[in-house]
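# A closer look at the structure
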Amino acid sequence: MSDAVTVEQVFSILADRHSCNILRMAYSGFKASSQSYVGNLSKKQFYVRLKRLRDAGLVEKRNSFYRTTTFGSLVYNSHIKTMHIILANYWSLKAIDVLKAREDFPSHQKEAVMNEIIQSGNLRSIVNATHLSGFTIINDFNMLINEVIKLLGNAHNEVYFASRYHDPHVSAKVLEIFARGAKLHILDGNPEQISLENRLNAILRTPPNKETFDKVNEMIRSPRFDLKRKEVPISFMVVDGTQVVYETANYASPEQFTVAISRYDDAYLAQRFIGYFGLLAKDAVTPRLLASVRER
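Below, the structure is looked at part by part. (Residues numbered from 1 in each chain as written. Predicted model: local features only at pLDDT ≥ 70, side-chain atom pairs only at ≥ 80, totals over all residues. Heavy atoms only, no water.)

### A few points about the overall build of the chain
Looking only at helices and strands, the chain has 13 helices and 10 strands in total. Relative to the 2.2 N^0.38 estimate, which gives 19 Å for 296 residues, the radius of gyration of the chain is 27 Å and therefore markedly larger than a compact globule would have. Projected onto its principal axes, the C-alpha positions of the chain cover 85 × 45 × 40 Å. Across the 296 residues that make up the chain, the buried fraction comes to 42%. In the chain, once contacts between residues fewer than 6 apart in sequence are set aside, the share between residues at least 24 apart is 67%. Accessible surface for the chain amounts to roughly 16,800 Å². Of this, 53% is attributable to carbon and sulfur atoms. (Helix = DSSP H or I, 4+ residues; strand = E, 2+ residues; numbered from the N terminus. Rg over C-alpha atoms; globule rule 2.2 N^0.38 Å. Buried < 20%, exposed > 50% of the residue type's maximum accessible area, 1.4 Å probe, protein only. Contact = heavy atoms within 4.5 Å. Areas by Shrake-Rupley, 256 points an atom, 1.4 Å probe, with all protein chains shown as cover.)

Given below as structure tokens:
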């Protein structure tokens, strides 16, 4: 297989139904002859498609038979075979979309009904309710940072963010979404030396540029920005009342990150974490920076 093969090239091949049919034949194995193909294709058309499949590393010739490579078998099972199953259950999937749009159903009840729909059809071999409800497990800290930045990028209205970590890319994204008009509630659980208050003070004292100074200056004076300091047991974030990412507590080593979970469409869980944020914020401290600016 050529190193130049890309996702776009593979999907371009799969977009042709005759190429898909040849790939399906190769999955079972067929004799090296255009006569093996049942369909409205000339000999030349058949071999042109077969060559494309071979050049992409999807099919190879072994002992006078064309068969899928390991790569081709994975593509066949994960895309073509799976797509046939999905299309056969199209109306069941539409019913799940209707259910997900219902605001009068708690999230856990929705998942129970979705799981019942999945189990009653033949979707259970390729999907479960957590796939359909937008569920990701994050077991690497760098992945967590990427996930937080991704969810912040989705923010339009309001973000609740309790964090015991600092990352400059996340900080830059927070400034960006504030500038877009989002309301920010932040519980800063970082040590004093790297607290958000100290970092904001440093920018005001020695700004990297005028644009950043203006953004920070506007933010600390705005009622859309709520910052408090408190040690937090875990980091979590809620975006626009539906998207949640939270880490699980590592009781053996509480200071270390272990695993985080991200939910993309769970208003029920989002409200639970907003309530938890409120409980933590009750005895949190407003930084001197904000207090002094807003007393003027």
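Still more to cover.
### Quick notes on the layout of surface pockets
In this structure, the largest pocket encloses a volume near 530 Å³. Looking at the largest pocket, it is lined by 31 residues, and the ones nearest its centre are His166, Asp167, Val170, Ser171 and Arg199. Listed by contribution, the elements that provide at least two residues to the lining of the largest pocket are α8 (141–153), β5 (158–163), α9 (168–179), β6 (183–188), α10 (196–205), β8 (236–239) and β9 (243–247). Among the elements that take part in the lining of the largest pocket, α9 stands out by supplying 6 residues, more than any other. When grouped by side-chain class, the residues that make up the lining of the largest pocket number 22 nonpolar, 5 polar and 4 charged. (1 Å grid on protein atoms, 1.4 Å probe; cavity = no way out; pocket = protein on both sides within 12 Å on 5 of 7 lines; lining within 4 Å. Points joined across faces, edges and corners; volume = space filled by probe spheres on them. Nonpolar A, V, L, I, M, F, W, Y, C, P; charged D, E, K, R; others polar.)

### Notes on α9
For an α-helix, the turn length of 3.6 residues means that residues three or four places apart are oriented alike. Between its first and last C-alpha, α9 extends 17 Å over 12 residues, near the 16 Å set by a 1.5 Å rise per residue. Buried within α9 are the following residues: Val170, Lys173, Val174, Leu175, Ile177 and Phe178. In this structure, the buried residues of α9 make contact with α8, β5, β6, α11 (210–221) and β7 (225–229). Its side-chain oxygen at 2.9 Å from the backbone nitrogen of His169, Asp167 defines the N-terminal cap of α9. Positive backbone phi, approximately 115 degrees, marks Gly181, located one or two places after α9. (Expected span 1.5 Å × (residues − 1). Polar contact = N/O pair within 3.5 Å; in protein donor to acceptor, adjacent residues only side chain to side chain.)

### Concerning the sheet that holds strand β2 (residues 59–62)
Overall, antiparallel pairing links the 3 strands, which are arranged β1-β3-β2 in an open sheet. Each edge of the open sheet is held by one strand with a lone partner, namely β1 (30–31) and β2. With 4 bridges joining them, β2 and strand β3 (residues 65–68) adopt antiparallel strand pairing. In the sheet register, Arg62 faces β3, and the bridge partner there is Phe65. (Pairing = 2+ DSSP bridges.)

### Here's the deal with the packing of aromatic side chains
Evaluation of the coordinates by the stated rule reveals 12 aromatic pairs. Ring centres of Tyr90 and Trp91 lie 5.0 Å apart, and the angle between their planes is 85 degrees; this geometry places the pair in the edge-to-face category. Tyr90 gets classed as partly exposed once you look at its relative accessible area, which sits at 41%. The class of Trp91 is exposed, set by a relative accessible area of 67%. Between Tyr246 and Phe273, the aromatic rings sit 4.9 Å apart at their centres with planes inclined by 35 degrees, giving tilted as the arrangement. With Tyr246 in strand β9 and Phe273 in helix α12 (residues 267–281), the pair connects residues that are 27 residues apart, well separated along the chain. Each member of the pair, Tyr246 as well as Phe273, is classed as buried. Aromatic ring contacts, followed pair by pair, group Tyr160, Phe236, Tyr246, Phe273, Tyr276 and Phe277 into a single cluster. The aromatic ring of Phe178 is capped on one face by Arg224, whose charged end is 4.0 Å from the ring centroid. (Phe/Tyr/Trp six-rings, centres within 6.5 Å; stacked < 30°, edge-to-face > 60°. Lys NZ or Arg CZ within 6 Å of the ring centre and 35° of its normal.)

### Notes on the pairing of strand β10 (residues 260–263)
Residues Ala260 and Ser262 point to one face of β10 and Ile261 and Arg263 to the other, with burial holding for every one of them. Bridge count for β9 against β10 is 4 bridges, and the pairing is antiparallel. By the bridge assignment, Val245 is partnered in β10 with Ser262.

### Concerning helix α2 (residues 17–28)
For α2, spanning 12 residues, the distance from its first C-alpha to its last is 17 Å, which sits close to the expected 16 Å at 1.5 Å a residue. Of the positions making up α2, those classed as buried are His18, Ser19, Cys20, Asn21, Ile22, Leu23, Met25 and Ala26. Against α1 (7–14), β1, α3 (43–55), β2, β3 and α4 (70–88) lie the buried residues of α2. Two residues or fewer past α2, Gly29 is found with a positive phi of approximately 100 degrees.

### What to know about the packing of α1 against α4
The geometry of α1 relative to α4 is characterised by a closest axis approach of 12 Å and an angle of 65 degrees between their N-to-C directions. The angle between α1 and α4 falls in the class roughly perpendicular. Crossing geometry of α1 relative to α4 is assigned as right-handed. Between α1 and α4, the contacting residues are Val10, Phe11 and Leu14 on the first element and Phe71, Val75, His79 and Ile80 on the second. By residue class, the composition of the contact of α1 with α4 is 6 nonpolar, 1 polar and no charged. (Axes fitted to C-alpha atoms, helices over the stretch in contact; angles between N-to-C directions. Parallel < 35°, antiparallel > 145°, perpendicular 65-115°, else oblique. Left-handed = near helix turned anticlockwise from the far one by under 90°.)

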